[in-house]
Amino acid sequence: MQASCAAGSPGNEWIFFSADERNTRSRKTMSNGALLRCVVLSTFILLRAVTGFSGDGRAIWAKNPHLSPVNASQLFLYDTFPKNFFWGVGTGAFQVEGSWKTDGKGPSIWDHFIQTHLRNVNSMGGSSDSYLFLEKDLSALDFIGVSFYQFSISWPRLFPDGIVTVVNAKGLQYYNVLLDALALRNIEPVVTLYHWDLPLALQEKYGGWKNATMVDIFNDYATYCFQTFGDRVKYWITIHNPYLVAWHGYGTGMHAPGEKGNLAAVYTVGHNLIKAHSKVWHTYNRDFRPHQKGWLSITLGSHWIEPNRSENMMDVIKCQQSMVSVLGWFANPIHGDGDYPEVMKKKLLSILPPFSEAEKEEVRGTADFFAFSFGPNNFKPLNTMAKMGQNVSLNLRQVLNWIKLEYDDPRILIAENGWFTDSYVKTEDTTAIYMMKNFLNQVLQAIKFDEIGVFGYSAWSLLDGFEWQEAYTTRRGLFYVDFNSEQKERKPKSSAHYYKQIIKENGFTLKESTPDLQGHFPCDFAWGVTESVLKPEFMASSPQFTDPHLYVWNATGNRLLHRVEGIRLKTRPAQCTDFELGDLVKLWVTINEPNRLSDIYNRTSNDTYQAAHNLLIAHARVWHLYDRQYRLTQRGAVSLSLHSDWAEPANPYVDSHWKAAERFLQFEIAWFADPLFKTGDYPLAMKEHLASRNLRGLSTSVLPRFSPEESRLVKGTADFYALNHFTTRFVMHEQLSGSRYDADRDVQFLQDITRLSSPSRLAVMPWGARKMLGWIRRNYGDLDVYITANGIDDQALENDRLRKYYLEKYVQETLKAYLIDKVKIRGYYAFKLTEEKSKPRFGFFTSDFKAKSSVQFYNQLISSGGFPSESSKPTCSQTLRSTECTICSLLLQKKPLIFFGCCFVSTVVLLISITMFRRRKRRKFWKAKNLQNIPLKKGHSRVLS
């Protein structure tokens, strides 16, 4: 009876099942994916007919074309990993131990490979010298706070010639000390028996892994390790990434032993590696598992591939073939049916060694969990991968889904994951943070959304070290090591700080934004929409003056004018007053985004600064003109609108990045805002930074000087702060030389690949808007603030879901700034009304005047005045708007009846008036006539009207 493990969280009890019980459980697991498989059943039939291989992983590429760009399962997930998630870090012995000839260690195939193939590499270099500085490695582990440490045992350090006879005492002592130290720290060891450093003697005597004799020799070595270290080790890895051992060691020649060109040797080596692993698994399962109660697997590595056209069946077939030829090569025998994939057997019939029926039974199921490697070694160099004309991708979540479908939902340990930096990068490995963030969140999404059983994660690697064919030209450590120093101090990189935080919080906590808020904007809040340019005709012959016809606009929702037949209007000559808008306009913006407009004049930085200076003076003169001649009668307000994107440090663990973020805001916004709202002069931070650059010979940039008169002219010439805000930029310090304005800022930008972004790569980061508003209030006081443009490009022509999401979240953060931060926000204008064919789709209406679904959404947002709760009463603006809408609706619907009623009432009133007038006149007449018969007193005369 073979035993297999159905694991709970690491540290919990594991339950063992017989082979029959495992098959029953597999059938139950497979039933969970029945619905998905039914959807792509026809695809499967075609695939099997064409290729002859089985497996459900190909369903991964059956993408839903209607998937929302803001679907919760696609956005960055703020959540925590399962309780007792296994957090670790890994190293390879040959990469970090150094001391290749010290204390009786024998040479490995990699020691020889360096001398023969990498002659520019100093083979005597100590790398990180973990063999000498074990305590420093342990301190690094303590710093991060891992729950396991994955390391490999150097086979030639224990047995110099590879044969298990007399052990090298010093090597034995080193690993015993390491394991005991980990036990004292409650750090679980995950031990790899073979991470590519085969004793050179075995290569020279037997030809290495090409010889089947290696199966028994490796089993002897593994048995010794189980006997010696098994009381302290619960997790064993037999071989690390056998694909690279076979393919690069015997195919491309990029890895030791450096053989190439013999494809038959490649698959012979792979065959022997699988059989060696299988034999070791059975040895452990039979002789050691009952009392040591550990688990054993093999680490399999792979790339990931995406089809050029997801709807094209042949592209999907090629993607499946690519994965099968790499990951399936080893996974299918061990985690599948005990044999190679059918597509490999048909394609490599003459060179792929066969498994006998007994061997299939021996190999099948020989892994207690799926150990998976996903890192640069699986992707570099690009021309050695089986891409089959498709696109290489770093989507770890998709690979995990493929493994789940192909191999019946196994328990998965991410046994190696990470990326690399160039050798000159020391502790500021900013890019590595974002790669780790991206990979880790994909793992979290796979656990939470896809219900994939990932129980642990090993970041690679703990230390900088020897990176195989890349030697020392790249670095992968969380800790920086100066290889030329004597003490080889371990200095934590930014990625070490970041990983430490992730482990401490067990995932990603939402720190950037508070929960959504319910509330209203004020009753007089200005809701609007921005249009780039409106072009009325100003000639006297324009149709607006000479056309006698009456038109109705947008009667059918198409934004076109419809002529009303049978009606002609009087025309008149054009008058100058037709173009006077002051009595109609209460908010004026003199110049839109002068902080961007000035970049047009960028032959040199001084040209840019002079253009900006002139723009400020021009604006100030216009403001004074309005203030002097028009404000009293027109009662409006004047300002200019600044492009005001927020800036965040790309690397929050580096002080220079925080300074770069503030410097960006000074050069981008304070450049214009300080003279207008604050000092009448340019920011001191700009002046000091430019002076410093000039002293160092990096530039000759000088800001123009405001004369006392100009300073008085400019200061205070803005009645409100108008800002155009679209996104948040991640900035880092980068010292640049040159005479252009961009170089003066010493800032570089980084794209956060984990952020939701638009087709034009604008990051959707709503909380940045609130931070921007808070920064304005802190720097310039309680100003009236208008957001004069805020929007996102969305390629959808009808259902623009990204724009609706953007509007909702950005207005939500604006409301928080108003209600919580007490920013005096007076208006919000969405960008923009109509899109242009030649530009990204920012419009609520298409270029042919068709409304998108965001129009209705924004209308509802305006009608609600914000985000009212269901129980809240209508605000004043809502009541007024409702009343106005009711009256308008009544007038439109009852217009003929109202007209007839007015005419009828007017006629009745006129008739009544005439009748009453005539009756009154008749009464006066008869009254006068009757008075003639009345005798008068003596001395009076009769007066008749």
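Calculation notes
- Residues numbered from 1 in each chain as written.
- Predicted model: local features only at pLDDT ≥ 70, side-chain atom pairs only at ≥ 80, totals over all residues.
- Heavy atoms only, no water.
- Helix = DSSP H or I, 4+ residues; strand = E, 2+ residues; numbered from the N terminus.
- Buried < 20%, exposed > 50% of the residue type's maximum accessible area, 1.4 Å probe, protein only.
- Core = buried A, V, L, I, M, F, W, Y, C linked by side-chain atoms within 4.5 Å.
- Contact = heavy atoms within 4.5 Å.
- Expected span 1.5 Å × (residues − 1).
- Pairing = 2+ DSSP bridges.
- Axes fitted to C-alpha atoms, helices over the stretch in contact; angles between N-to-C directions.
- Patch = residues over 30% accessible without salt bridge, like charges linked within 9 Å, V, L, I, M, F, W, Y side chains within 5 Å.
- Areas by Shrake-Rupley, 256 points an atom, 1.4 Å probe, with all protein chains shown as cover.
- Salt bridge = Lys/Arg side-chain N within 4 Å of Asp/Glu carboxyl O.
- Parallel < 35°, antiparallel > 145°, perpendicular 65-115°, else oblique.
- Left-handed = near helix turned anticlockwise from the far one by under 90°.

Visitor: How do you make sense of unusual backbone geometry when you look at a structure like this?
Guide: Peptide bonds are mostly trans, and most non-glycine residues show a negative phi. Residues Lys380 and Pro381 are joined by a peptide bond in cis, for which omega reads -15°. As for its position among the elements, Pro381 is in the loop between β9 (370-374) and β10 (391-392). Of note, the amide linkage connecting Phe831 to Lys832 takes the cis form, showing an omega dihedral of -5°. By the secondary structure assignment, Lys832 is in the loop between β28 (825-831) and α30 (853-864). With phi around 50°, Lys488 is a residue other than glycine that occupies positive phi space. A relative accessible area of 4% means that Lys488 is categorised as buried.

Visitor: Any chance you could explain the nonpolar core here in plain terms?
Guide: Side chains that are nonpolar tend, in soluble globular proteins, to be buried together. Core analysis: the biggest nonpolar cluster contains 219 residues, and Trp155, Trp209, Phe372 and Tyr499 have the highest contact counts within it. With 12 residues, the top contributor of residues to this core is helix α24 (residues 655-678). Contact partners of Trp155, with chain neighbours within four places excluded, come to Gly162, Tyr194, Asp197, Leu198, Pro199, Leu202, Trp209, Met214, Ile217, Phe218 and Tyr221.

Visitor: Got a minute to help me understand helix α10 (residues 213-229) in this structure?
Guide: Counting along an α-helix, one turn takes 3.6 residues, and residues three or four places apart therefore face a common direction. Look at α10: 25 Å from first C-alpha to last across 17 residues, which is about the 24 Å you get at 1.5 Å a residue. For α10, a buried count of 12 out of 17 residues is recorded, marking the element as mostly surrounded by other parts of the structure. Of all the residues in α10, the buried ones are Met214, Val215, Ile217, Phe218, Asn219, Tyr221, Ala222, Thr223, Tyr224, Cys225, Phe226 and Phe229.

Visitor: I would appreciate a short explanation of the sheet that holds strand β3 (residues 86-90) in the present structure.
Guide: Hydrogen bonds between backbone atoms are what pair the strands of a sheet, whose relative direction is either parallel or antiparallel. In space, the 8 strands of this closed barrel follow the order β3-β4-β5-β6-β7-β9-β11-β13, with parallel pairing throughout. Put simply, the sheet's adjacent strands are angled 25° from each other on average, direction ignored. Where strand β6 (residues 235-240) meets strand β7 (residues 295-301), 4 bridges bridge the pair, whose relative direction is parallel. Across the sheet, Trp236 pairs through a bridge with Leu296, a residue of β7. In this fold helix α19 (residues 494-505) packs onto β3 and β13 (454-460), with an angle of close to 160° to the strand it touches most, β3.

Visitor: Got a minute to help me understand a nonpolar patch on the surface in this structure?
Guide: On the surface, a nonpolar cluster with roughly 550 Å² of combined accessible area is contributed by Phe904, Val905, Val908, Val909, Ile912 and Met916. Mapping Val905 onto the fold places it in helix α32 (residues 895-931).

Visitor: Is there a simple way to explain the packing of helix α12 (residues 263-287) against helix α14 (residues 313-335) in this structure?
Guide: Each pair of packed helices can be described by the angle between their axes along with the distance between the axes. At a minimum axis distance of 11 Å, the contact between α12 and α14 shows a crossing angle of 30°. Between α12 and α14, the angle is such that the two are roughly parallel. Crossing of α12 against α14: the hand is right-handed. Here Val266, Tyr267, Gly270, Ile274 and His277 of α12 come into contact with α14, specifically with Trp329, Phe330, Pro333 and Ile334.

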